[in-house]
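Residue strings, one per chain:
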Amino acid sequence: MFGRVLAASATARGVWRAANRTHVNAGIRHMARYSAPATPPTNSVTPSTGALPATNSAADSGAPPATNSAAAPDAPPHNKRPPGTYAIWAMEAIGATSAFLYYLYLYTDLLKPPVTDRLNPVKYSPHTLINSTPLTSDTTLFRFRTNRPRFDGDPEKHIDEITAQGVWSIDIKDHLVQTYRTYTPVDYKIGEIDDERGLREGYCDFVVKRYANGSLSRFLHNTRVGDHVEMRGPHVSWPYKANTYRRVYMVAGGTGITPMVQLIKRAIADPTDSTRFSLLYGSTTEDGILCREQLDDIAEQVPERLAIEYLVDQGPATVARVGRPDTESVGRLVEGFDQTKDVVLVCGPDAMMHAVSGTRPIGPAQGPLGGVLRDLGFAPHTVFKF
C-alpha cells in the first residue's frame with residue numbers, strides 16, 4: 001500500500017514541478033547571487049610580502065571614500081528564504097494530498113457512497129426486488145438485489161465463511177406485521193466491479209409458494225418490483241463438506257426442492273467433490289415441477305452424479321410417475337443405503353413430511369423420526385429434516 005502511495009505521489013509531483021519550473025529556477029538564481037565569495041578586507045595583509053596594501057590617498061587626507069555603484073548587494077538576513085520557497089512547499093503538500101486521495105479512490109471504498117442492499121447475518125437490512133417471475137399459478141421466483149463493496153471487508157468475509165459451511169438460508173421479514181420466515185435461496189450471484197458506483201451488484205433468488213393462510217408468502221406476492229424487503233442472513237441450515245458422504249438421498253415436495261437445488265448445484269460445481277445424489281421429487285402436476293430445467297440440465301451433464309425420479313399426484317405425465325412418496329417409491333430411492341456413509345434429506349409440505357419422516361417442530365430440534373423412513377428401519381441420525 002505504502003509503495004503505491006509513493007509511486008502516485010512521485011507522479012503528481014512531477015506534473016506540478018514542470019508547471020512551476022519558473023518559480024524554482026528563480027529561487028535558485030537568487031540563492032546563487034548571495035553565494036559569491038566575499039571581497040577580502042582592505043586592511044588584510046598581503047600573503048606574499050606580509051606588508052599592508054596601499055591605502056586610498058583620499059582616505060589618508062580625510063576625504064570621504066569614493067562609492068562604487070556596481071558593488072555587490074548586502075547579504076540577506078539569516079532568516080530570509082529565497083523567493084518561491086513557500087510556493088514549493090505548498091505544491092509539495094498539494095501533490096502528496098492529491099496522490100493519497102487518488103490512492104484511496106483506486107484501492108479503497110472510503111471515498112465511495114455507502115453500499116446498499118448488503119446482506120447482514122446479524123440484523124435486518126432492506127433489499128430491492130429486481131424481478132418476479134411466475135413459475136406456476138401460485139409459485140413465483142423472486143430476485144432480490146444483494147450488493148457488495150468493490151473490496152471485501154470483514155462483513156463480506158464472514159458471509160463467505162457462512163455460505164461455505166453448507167446449505168444456508170435467509171430470514172425475510174414482513175415489516176407490516178413484524179413477523180418473518182426462513183427461505184432457502186436457489187441461486188446467489190455477485191457480479192463484476194462497477195467502479196463508477198463503487199460496488200459489485202449481485203442477486204439472490206427465492207422460490208415462494210403463495211398460501212391462503214401464509215402471511216409471509218402473501219406479503220411477498222404482493223411486493224412490486226422496486227420495493228424493499230428486509231432480510232437477515234445468511235444462516236447455516238445444514239452443514240456440508242465435500243466428500244463427507246458417499247451418497248445423499250433426497251425426498252422433496254413442492255417448494256421443499258429449494259435446499260436440494262442449492263446443495264446439488266454447489267456440490268456439482270466443486271471439482272473436488274465426488275458425492276452422488278439421488279432425488280425423489282413430488283409435485284401436484286408435471287407442469288408444477290419447480291426448477292425442473294436446472295435439475296434436468298445437471299442430470300444430463302453428470303448422470304453419474306445425479307439421479308432424479310419425479311412423482312406427480314395426478315396426470316397426464318410423460319416423465320414422472322403418478323403417485324406419492326410411499327414405502328415403495330422411497331424404498332426404491334434408498335436401495336443400497338449405507339448408514340455409515342450415506343444420509344437422507346427431507347423437505348416439503350407438512351403432509352409429505354408426516355408421511356415420509358415425521359414433521360419437524362419449530363426450532364433447531366429435529367423431532368422424532370416417523371413415517372416411511374422409520375418403517376424402513378432408518379436410524380434418526382441418518383435423516384435430516386429441513
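Residues numbered from 1 in each chain as written. Predicted model: local features only at pLDDT ≥ 70, side-chain atom pairs only at ≥ 80, totals over all residues. Heavy atoms only, no water.

We now examine the pattern of salt bridges. One pass over the full model with this rule turns up 17 salt bridges. Across the salt bridge formed by R118 and E156, the nearest N and O atoms sit 2.5 Å from each other. In this pair, R118 is assigned in the loop between α4 (85-107) and β1 (125-134) and E156 in helix α5 (residues 154-163), connecting sequence segments 38 residues apart. Here R118 falls in the partly exposed class, since its relative accessible area comes to 27%. Taking the relative accessible area as the measure of exposure, E156 reaches 3% and is therefore buried. We note a salt bridge from D152 to R148, for which the minimum N-O separation is 3.2 Å. A relative accessible area of 31% places D152 in the partly exposed class. The exposure class assigned to R148 is buried, which follows from its relative accessible area of 7%. Through salt bridges with shared partners, one network takes in R148, D152, D160 and R200. (Salt bridge = Lys/Arg side-chain N within 4 Å of Asp/Glu carboxyl O. Helix = DSSP H or I, 4+ residues; strand = E, 2+ residues; numbered from the N terminus. Buried < 20%, exposed > 50% of the residue type's maximum accessible area, 1.4 Å probe, protein only.)

So, about α5. Here α5 has its buried residues at E156, I159, I162 and T163. Projected down its long axis, α5 shows its buried positions confined to an angular sector of 120 degrees, all on one face. Exposed residues pointing more than 90 degrees away from the buried face of α5 are listed as D154 and E161. If you follow the buried residues of α5, they end up packed against β3 (148-149), β4 (166-174), β6 (187-194), β8 (228-239) and α7 (258-269). (Arc of directions from axis to C-beta. Contact = heavy atoms within 4.5 Å.)

For the rest of this paragraph, the subject is the packing of aromatic side chains. A full pass over the atoms with the stated rule returns nine aromatic pairs. Among the aromatic residues, ring-to-ring pairing joins W238, Y240, Y245, F384 and F386 into one connected group. Over the face of the ring belonging to Y203 we find R143, whose NZ or CZ atom lies 3.7 Å from the ring centre. For R232, the ring lying beneath its charged end belongs to Y180, and the centroid distance is 5.4 Å. (Phe/Tyr/Trp six-rings, centres within 6.5 Å; stacked < 30°, edge-to-face > 60°. Lys NZ or Arg CZ within 6 Å of the ring centre and 35° of its normal.)

The next subject is the confidence of the model for the protein chain. Per-residue pLDDT for the protein chain has a mean of 83; in total, 74% of the residues score no lower than 70. Contacts from residues 38-72, a stretch scored under 50 in pLDDT, to residues over four places away or in other chains number eleven contacts. (pLDDT = per-residue confidence, 0-100.)

With that settled, consider the side chain of R200. Within the secondary structure, R200 sits in strand β7 (residues 199-209). Under the relative-accessibility criterion, R200 is labelled buried at 14%. Those residues in contact with R200 that sit more than four places away from it in its chain are T146, N147, R148, P149, R150, D152, I190, G191, E192 and I193.

With respect to the helices and strands, the residue T139 is situated in strand β2 (residues 139-145). Of the residues examined, T139 reaches a relative accessible area of 4% and is grouped as buried. Within polar-contact distance, the side chain of T139 engages the side chain of D138 at 3.1 Å. (Polar contact = N/O pair within 3.5 Å; in protein donor to acceptor, adjacent residues only side chain to side chain.)

Along helix α8 (residues 292-301), the positions that sit buried rather than exposed are L295, I298 and A299. Buried residues of α8, viewed axially, fall in a sector of 100 degrees; they line one side. Opposite its buried face, α8 presents the exposed residues E293, E300 and Q301, each directed more than 90 degrees away. Turning to α8, the residues buried within the fold contact α7, β10 (276-283) and β11 (306-312).

It is worth spelling out the nonpolar core at this point. If you look at the biggest cluster of nonpolar residues, it comprises 34 residues, and the most contacted ones within it are W238, M250, I257, F277 and L345. Elements supplying a minimum of two residues to this core: β9 (247-253), α7, β10, α8, β11 and β13 (342-347). With five residues, α7 is the largest single contributor of residues to this core. Not counting residues within four places of it along the chain, the set of residues in contact with M250 comprises M260, L263, I264, F277, S278, L279, L280, L333 and L345. (Core = buried A, V, L, I, M, F, W, Y, C linked by side-chain atoms within 4.5 Å.)

This paragraph deals with the environment of V236. Looking at the secondary structure, you find V236 in strand β8. For V236, a relative accessible area of 34% corresponds to the partly exposed category. For the pair V236 and A164, spaced 72 residues apart in sequence, the C-alpha to C-alpha distance is 9.1 Å. In this view, V236 contacts I162, Q165, V167 and W168; residues no more than four positions away in its chain are not counted.

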